[in-house]
Amino acid sequence: MRRLALLAAALVCAACGASSGSSGATATPSPGAIRGTFNVFAATSLTAAFKDEATAFMAKHPGVTVNFNFAGSSDLATQIDQGAPADVFASADATNLNKVGQAGNLDGSPATLAANKLEIVVAPGNPKHINGLPDLARTGVVVVLCAPSVPCGNYARQALTKAGVDVIPRSDEQNVGGVLSKVESGDADAGIVYTTDVMAAGGKASGVAIADQDNVLATYPIAKVKGGSNPIAAQAFIAFLLSAQGQAILEHHGFIKP
Amino acid sequence: MLPLAGLVVRAPWGSALTQLRSPDALDALRLSLVCSLSATALSIALGVPLAWVQARLTFPGQSLLRALTTLPMVLPPVVGGVALLLAFGRRGLLGGVLFDTFGVRLPFSTAGAILAETFVALPFLVITVEAGLRSVDVRLEEAARTLGARPWTVFRRVTLPLVAPSIFAGAVLCWSRALGEFGATITFAGNFPGQTQTLPLAVYLLLETNPDAAVVLSLLLVAVSLVVLVSLRDRYLRLT
C-alpha cells in the first residue's frame, strides 16, 4: 500500500514538473539552438566595434563562431548580389542596403544599428594647419576621399557641398580604411572619415572637427540576408547588437545612438 | 631592384615572427598553398591533353584554339575575374544552373579561388608542354607504333617520359603564377579570411589595417618566389 502511495506521489510530482515546463512556450530559441558559424558582412568603419561585439556574443553563446567580411558597403552589396554567402549585412548607408533589398536578397525589414558623424583626418599634430573643410581646397593640400559609391565618400561630398568647398581628391579609396592609411603613411595630407575612425587611429592620426552645420549624420542599417546558412544565429546576433549591451559597445567605440 | 630593397629595408624585423604566426597569416599561407597546388594539379589534368592536341594534331580552327588558350596570359587578371563571374556567378551563364541543380556556388568559395587561379595559370603549362612535345623526336613514337604498341601505350611509355621535364617546368611556372594570382581571385572569389583570402589578397587588405604585417607577408611571398626561381634555373636552361 505504501509503495503504491509513493508511486502515485512521484507520478503527481512528475506531472507537475512537466506542466510547469510547457507553460513557458515562447518563440525565443534556447541558448543551445544558437550554434555553428555565420557570416557577417559589415562596413569597414564597424571593424573595431564589431570585433568586440563578436567577442561578447561568442562569450554568451559558446557554440557559435562569427566570420567577418569587412569592406566598403558598396563592395559588399555587389558581392551579395553576385551570390556571396552572407547571413547579416550591416551597411554604412541606406542606399547600399536598399540595393540589396531591391534585388530581393534581404530577409525581413532592416533595423537602424547606429549613427556616425564625419571628421577630417590629418597627420599627427596637424602639420599643415588644417582647421576646417575650406582648408581642404588650399593649394598644396593633398586630399583623399572614399569613392562616391562608398557611403563615406557620398557623405563626404555632401558635407563639402554644404560647406561650398570644391575639392578634387587625389584618390578615390574603396573604403574608409584606405583613406585613413593614406593619411597615416603621409601619402595624403588630409582625408574625410568618420569620427569613430579618428578615435580608432589613436596616436597615428589627428582629427579636425567639421562645422556642425556642414556635417552629415550617417545612419547604419542592418538586416538579415536571404539564403544565409544560419538564420537563427544571424537573428540572435542582430538582436544582441540592438540590445543595451550591444549598443553600449558601439557607443564605447564612438558611435552615436541612432 | 629598388622596390625589393625597399621591402627588405622597411620590414619590421622585430615583430616579423609574431606577424607570421598570427591566425590570419597562417590561414592565408595555408590557403595559398592549397589553392595554388590544386590549381596546378587541375592545370596538369587539363593542360597536358590540350598541349598534346595542339602539338600533334592539325585541324581547322587550330590557330583560334591556340589564341583562346593563350588569352588568359595577356588578359588583365581582373578582366578574367569579371569573365568568370559572368559565366559562373549567381546571374551568370552557368552559375544559376549549377546552383539550382547541384547546389554548387562557385563565386566567393575556395573552389572559386582555385578556378580563378587555374584560369590564369593554365596557359603557362600548356605553352611549356606544347613546346616540349614539339621538340620530342616523333620518329621514336613512330618506331614504337611500328613495333606494335597501341596509341595509349605509346603516349604512356614513350612520349610522357620524354616530355616529363617540360611538364615539370610548366607545372612550376603554373604554380608560381597561381600563387601570385590576385586580380581574378579577388573579383571572382572575394576576400574572406580562411576561405578565399590567399596571401596576395591578405597583403592587399592588411595595407589598410596593419601595414607592418602587409610588408612581412609580402616578403614571405618574395622569398617563396625566389626559392622557386633559383631552384628552377638549371632545369629550365637544360630544356632549351
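All figures in this text were calculated on a predicted structure; none of them were measured in a lab.

Trainee: Any chance you could explain the overall build of chain B here in plain terms?
Mentor: A count of helices and strands for chain B gives 12 helices and 0 strands. Each helix and strand of chain B, ordered N terminal to C terminal, gives the series α-α-α-α-α-α-α-α-α-α-α-α. Counting only C-alpha atoms, chain B reaches 65 × 50 × 25 Å along its principal axes. Out of the 240 residues belonging to chain B, those deemed buried represent 38%. Counted over contacts in chain B with a minimum sequence separation of 6, partners at least 24 positions apart contribute 77%.

Trainee: What's the story with the overall build of chain A in this structure? I'm lost.
Mentor: Across its full length, chain A carries 9 helices and 9 strands. Counting the 258 residues in chain A, one finds 44% classified as buried.

Trainee: What should I look at first to understand the environment of A33 of chain A in this one?
Mentor: All names here are of chain A. Inspection of the secondary structure assignment puts A33 in the loop between α1 (2-22) and β1 (36-43). You can call A33 partly exposed: it has 13 C-beta atoms within 10 Å. Note: C-alpha distance between A33 and H61 (28 residues apart in sequence) is 9.4 Å.

Trainee: What is the right way to read the packing of helix α2 (residues 47-60) of chain A against helix α9 (residues 244-252) of chain A from this model?
Mentor: Axes are the key here: two packed helices are described by the angle between their axes and the distance separating the axes. Residues and elements named next belong to chain A. Two elements in contact, α2 and α9, have axes separated by 9 Å at closest approach and are oriented at 150°. It follows that α2 is roughly antiparallel to α9 by the angle criterion. In terms of crossing hand, the pair formed by α2 and α9 is right-handed. Facing A49, D52, E53 and A56 of α2, the residues of α9 in contact are Q245, G246, I249 and L250. Residue composition of the contact of α2 with α9, by class: 4 nonpolar, 2 polar and 2 charged.

Trainee: Is there a simple way to explain the interface of chain B and chain A in this structure?
Mentor: You'll often see interface size given as the accessible area lost when the parts meet. Across the contact, 12 residues belong to chain B and 10 residues belong to chain A. Examining the composition of the side of chain B that touches chain A, we find that 3 residues originate from one element, helix α11 (residues 199-209) of chain B, more than from any other.

Trainee: Help me understand the domain arrangement of chain A in this model?
Mentor: Residues and elements named next belong to chain A. Examined at the domain level, chain A breaks down into domain 1 (33-115 + 219-252) and domain 2 (116-217). Put simply, the middle of domain 1 and the middle of domain 2, counted by C-alpha atoms, are 26 Å apart. Tallying the contact residues gives 16 residues for domain 1 and 16 residues for domain 2. Mapped onto the side of domain 1 that touches domain 2, the elements with two or more residues apiece are α3 (73-81), β4 (106-122) and β9 (217-225). The biggest single contributor to the side of domain 1 that touches domain 2 is α3, with 3 residues. Its residues assigned to classes, the side of domain 1 that touches domain 2 comprises 7 nonpolar, 7 polar and 2 charged.

Trainee: Sorry, what's going on with helix α6 (residues 176-184) of chain A here?
Mentor: Counting buried positions over the 9 residues of α6 of chain A gives 8, a clear majority of the element. Every buried residue of α6 of chain A is accounted for by V176, G177, G178, V179, L180, S181, K182 and V183 of chain A.

Trainee: What exactly am I supposed to notice about the nonpolar core here?
Mentor: Nonpolar side chains tend to gather and get buried jointly when the protein is soluble and globular. Counting 122 residues, the largest nonpolar core has V88, F89, A90 and F237 of chain A as its most contacted members. If you tally residues by element for this core, the top one is helix α7 (residues 110-135) of chain B, at 14 residues. Mapping this core onto the domain boundaries places at least three of its residues in each of domain 1 (33-115 + 219-252) and domain 2 (116-217) of chain A. Once you skip the residues sitting within four places of it in the chain, V88 of chain A turns out to touch V40, F41, I222, K224, V225, A234, F237 and I238 of chain A.

Trainee: Teacher, can you tell me more about the pairing of β4 of chain A here?
Mentor: Residue and element names in this part refer to chain A. For β4 and β9, the ladder comprises 8 bridges, and the chain directions are antiparallel. The residue of β9 that forms the bridge with N116 is A218. Pairing between β4 and strand β7 (residues 190-194): 5 bridges, direction antiparallel. In the sheet register, I120 faces β7, and the bridge partner there is I192.

Trainee: Can you walk me through the environment of K224 of chain A in this structure?
Mentor: All names here are of chain A. You can see K224 is positioned in strand β9. For K224, a count of 21 C-beta atoms within 10 Å puts it in the buried group. C-alpha of K224 to C-alpha of D107: the two residues are 117 residues apart in sequence and 5.2 Å apart in space. Those residues within four positions of K224 in sequence are excluded, and the remaining contacts are D87, V88, D107, G108, P231, A234, Q235 and I238.

Trainee: Would you mind showing me how to read the pairing of strand β5 (residues 143-146) of chain A here?
Mentor: Across a regular strand the side chains alternate sides, sitting on one face of the sheet and then on the other. All names here are of chain A. On β5, burial covers both faces: V143 and L145 on one face and V144 and C146 on the other are all buried. For β5 and β7, the ladder comprises 2 bridges, and the chain directions are parallel. Bridge assignment links V143 to a residue of β7, and that residue is A190. Examined bridge by bridge, β5 and strand β6 (residues 171-173) share 3 bridges and lie parallel to one another. Paired with L145 across the strands is D172, a residue of β6.

Rules used throughout
- Residues numbered from 1 in each chain as written.
- Chains lettered and ligands numbered in written order.
- Predicted model: local features only at pLDDT ≥ 70, side-chain atom pairs only at ≥ 80, totals over all residues.
- Helix = DSSP H or I, 4+ residues; strand = E, 2+ residues; numbered from the N terminus.
- Buried ≥ 20, exposed ≤ 12 C-beta atoms within 10 Å, placed from the backbone.
- Contact = placed C-beta atoms within 7 Å.
- Axes fitted to C-alpha atoms, helices over the stretch in contact; angles between N-to-C directions.
- Parallel < 35°, antiparallel > 145°, perpendicular 65-115°, else oblique.
- Left-handed = near helix turned anticlockwise from the far one by under 90°.
- Nonpolar A, V, L, I, M, F, W, Y, C, P; charged D, E, K, R; others polar.
- Domains from an automatic or database assignment.
- Core = buried A, V, L, I, M, F, W, Y, C linked by C-beta atoms within 7 Å.
- Pairing = 2+ DSSP bridges.

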